[in-house]
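Coordinates in review
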Amino acid sequence: MKKGLIIGLLVLLIAGAGAYIWYRTTLDRRESTGKPYDNTLKPRLELTRFNITNVAEEAINMEMYLLIDNPLPIGFKAHQMDYTVYIADTPVVKDSYKKAIEIKSGDSTLLALPVKILAKTMTQVLKTLERKGIDSTTYKVRSSFALDVPILGEKTFAITMERRLPTFYLPEIKIEDIDFGPLGLKRTDVAAKVNITNKNKIPFNISDAHYTVTIDGKEIADGHQPDPILIKAQATTPVIFPVTARPGKTLSVLPKMLFDKKDTPYLVTFRCKLIDKKGDLAFKDSKFASTIRGTLDDFKKLKK
């Protein structure tokens, strides 16, 4: 037993020494030739796609998926990763991923980083790009994290990842009218006329759309449109969404809907998938969610 334990410890010691010698030899060779060694001795980052989880007046929330690849001959663990996101070289968010990251040698992991961009900041960046007629821009992520690497101890790495993508303008959703059909005992069919503005130079489809309608704090209706809808490029596409209202809840807010439109708030939550017709993986099947607020007086007309 003792002999086996000693042999095991010797094997671990030799393996660790070999990994350290490989690390130092490769590092010294790269430094002496003046060549970059990021791709060899540092984790590699790759931006894969976005999920736009909510678009509201104050902020835009999304998830940014980063693939982290470990080319080291040994695994590592990082307790936190700090990152800054840039769009067109403008910093739009600075945050930290506070969960532990552990990757085996030669393996990779996919992280979903929460990103919250102030709508004002995003609007300014997009307006500048639109004014200059720039149809593609650089999305950049600068990250730094301390790796707890066996033998080597803790090493702090800073990595910058860039990806050139078409300038992506968020779809703008505006509700024009709500058409209430005859009130039924159990349900009332409603048609919501919605305009979806796409400023991008490429069309896309929205699919698997879900939406709810809340008036004066009461959720009165919801709906689902599973079929894909083509949203034209650089145009406003009118869409009619079928909505089912519950008469009991509808009747409770009917007086305000008829006589107090100016002071009666509405809220519509809308979520769907965005499908790029060209198959760009950055936005393929990306989730999109938007919250639209206003008062009933905003509608051109509220049909009864």
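Because the structure is predicted, anything quoted here is derived from the model rather than measured.

The rules behind the values
Residues numbered from 1 in each chain as written. Predicted model: local features only at pLDDT ≥ 70, side-chain atom pairs only at ≥ 80, totals over all residues. Heavy atoms only, no water. Helix = DSSP H or I, 4+ residues; strand = E, 2+ residues; numbered from the N terminus. Buried < 20%, exposed > 50% of the residue type's maximum accessible area, 1.4 Å probe, protein only. Contact = heavy atoms within 4.5 Å. Areas by Shrake-Rupley, 256 points an atom, 1.4 Å probe, with all protein chains shown as cover. Core = buried A, V, L, I, M, F, W, Y, C linked by side-chain atoms within 4.5 Å. Polar contact = N/O pair within 3.5 Å; in protein donor to acceptor, adjacent residues only side chain to side chain. Expected span 1.5 Å × (residues − 1). Arc of directions from axis to C-beta. pLDDT = per-residue confidence, 0-100. Pairing = 2+ DSSP bridges. Salt bridge = Lys/Arg side-chain N within 4 Å of Asp/Glu carboxyl O. Phe/Tyr/Trp six-rings, centres within 6.5 Å; stacked < 30°, edge-to-face > 60°.

1. Re the overall build of the protein chain
- Assigned secondary structure in the protein chain consists of four helices and 18 strands.
- By the burial criterion, 42% of the 304 residues in the protein chain qualify as buried.
- Restricting to contacts in the protein chain with at least 6 residues of sequence separation, those with at least 24 account for 68%.
- Of the roughly 17,000 Å² of accessible surface on the protein chain, 54% is carried by carbon and sulfur atoms.

2. So, the environment of Thr121
- Summarising the element assignment, Thr121 is placed in helix α3 (residues 119-132).
- What makes Thr121 partly exposed here is its relative accessible area of 21%.
- A C-alpha to C-alpha distance of 9.0 Å links Thr121 and Ala59, two positions 62 residues apart in sequence.
- Setting aside its immediate chain neighbours within four residues, Thr121 contacts Pro91 and Val92.

3. Structural notes on the nonpolar core
- Counting 73 residues, the largest nonpolar core has Met81, Ile206, Phe241 and Phe270 as its most contacted members.
- Among the elements that take part in this core, strand β12 (residues 204-215) stands out by supplying six residues, more than any other.
- If near-sequence neighbours (up to four positions away) are discounted, Phe270 is found in contact with Ile173, Ile206, Ala209, His210, Tyr211, Phe241, Phe288, Ala289, Ser290 and Ile292.

4. Comments concerning the side chain of Asn198
- In this fold, Asn198 is placed in strand β11 (residues 188-198).
- Reaching out from Asn198, the side chain makes a polar contact with the backbone oxygen of Lys232 at a distance of 3.0 Å.
- Apart from residues lying up to four places away in sequence, Asn198 is in contact with Pro203, Phe204, Ile231, Lys232, Ala233, Gln234 and Ala235.

5. Description of α3
- Here α3 contains 14 residues, and its C-alpha end-to-end distance of 20 Å stays within 8% of the 20 Å for a straight helix at 1.5 Å per residue.
- Buried within α3 we find Ala119, Met122, Val125, Leu126 and Leu129. Along the axis of α3, the buried residues cluster in a sector spanning 135°; they form a single face. Within α3, the exposed residues directed more than 90 degrees away from the buried face are Lys120, Lys127, Arg131 and Lys132.

6. Some points on the confidence of the model for the protein chain
- Per-residue confidence for the protein chain averages 76 on the pLDDT scale, and 74% of its residues sit at or above 70.
- By mean pLDDT, helix α1 (residues 2-33) is the weakest element of the protein chain at 43, and strand β14 (residues 229-231) is the strongest at 92.
- Confidence drops under a pLDDT of 50 for residues 1-40, and excluding neighbours within four residues, the segment shows 25 contacts in the predicted structure.

7. Some thoughts on the pairing of strand β4 (residues 81-87)
- With six of seven residues buried, β4 is to be regarded as a mostly interior element.
- As judged from the seven bridges shared by β4 and strand β5 (residues 90-97), these two strands associate in the antiparallel manner. Note that in β5 the partner of Met81 across the bridge is Tyr97.
- Here β4 folds back onto β5 in antiparallel fashion, the turn holding two residues, of which Ala88 has a positive phi close to 55°.

8. Digging into the pattern of salt bridges
- Using the criterion set out here, one finds six salt bridges in the structure.
- Asp89 serves as the salt-bridge partner of Lys140, at 3.4 Å between the closest nitrogen and oxygen. One end of the pair, Lys140, is in strand β8 (residues 136-149); the other, Asp89, is in the loop between β4 and β5, with 51 residues separating them in the sequence.
- Take Asp89: its relative accessible area is 54%, and that puts it in the exposed class.
- Ionic pairing is found between Glu176 and Lys174, a salt bridge with its closest N-O pair at 4.0 Å.
- Each member of the salt-bridge network shares a partner with another, and the members are Asp89, Lys140 and Glu162.

9. Quick word on the environment of Met257
- Structurally, the position occupied by Met257 is in helix α4 (residues 247-259).
- Note on Met257: relative accessible area 3%, which makes it buried.
- On a C-alpha basis, the gap between Met257 and Asp297 in space is 9.2 Å, while along the polypeptide they are 40 residues apart.

10. A short note on the packing of aromatic side chains
- Applying the stated criterion across every chain yields a total of three aromatic pairs.
- A ring pair is formed by Tyr211 and Phe241, whose centres lie 5.0 Å apart and whose planes are at 55°; its orientation type is tilted. Linking Tyr211 in strand β12 with Phe241 in strand β15 (residues 235-245), this pair joins segments that are 30 residues apart in sequence.
- Taking the relative accessible area as the measure of exposure, Tyr211 reaches 5% and is therefore buried.

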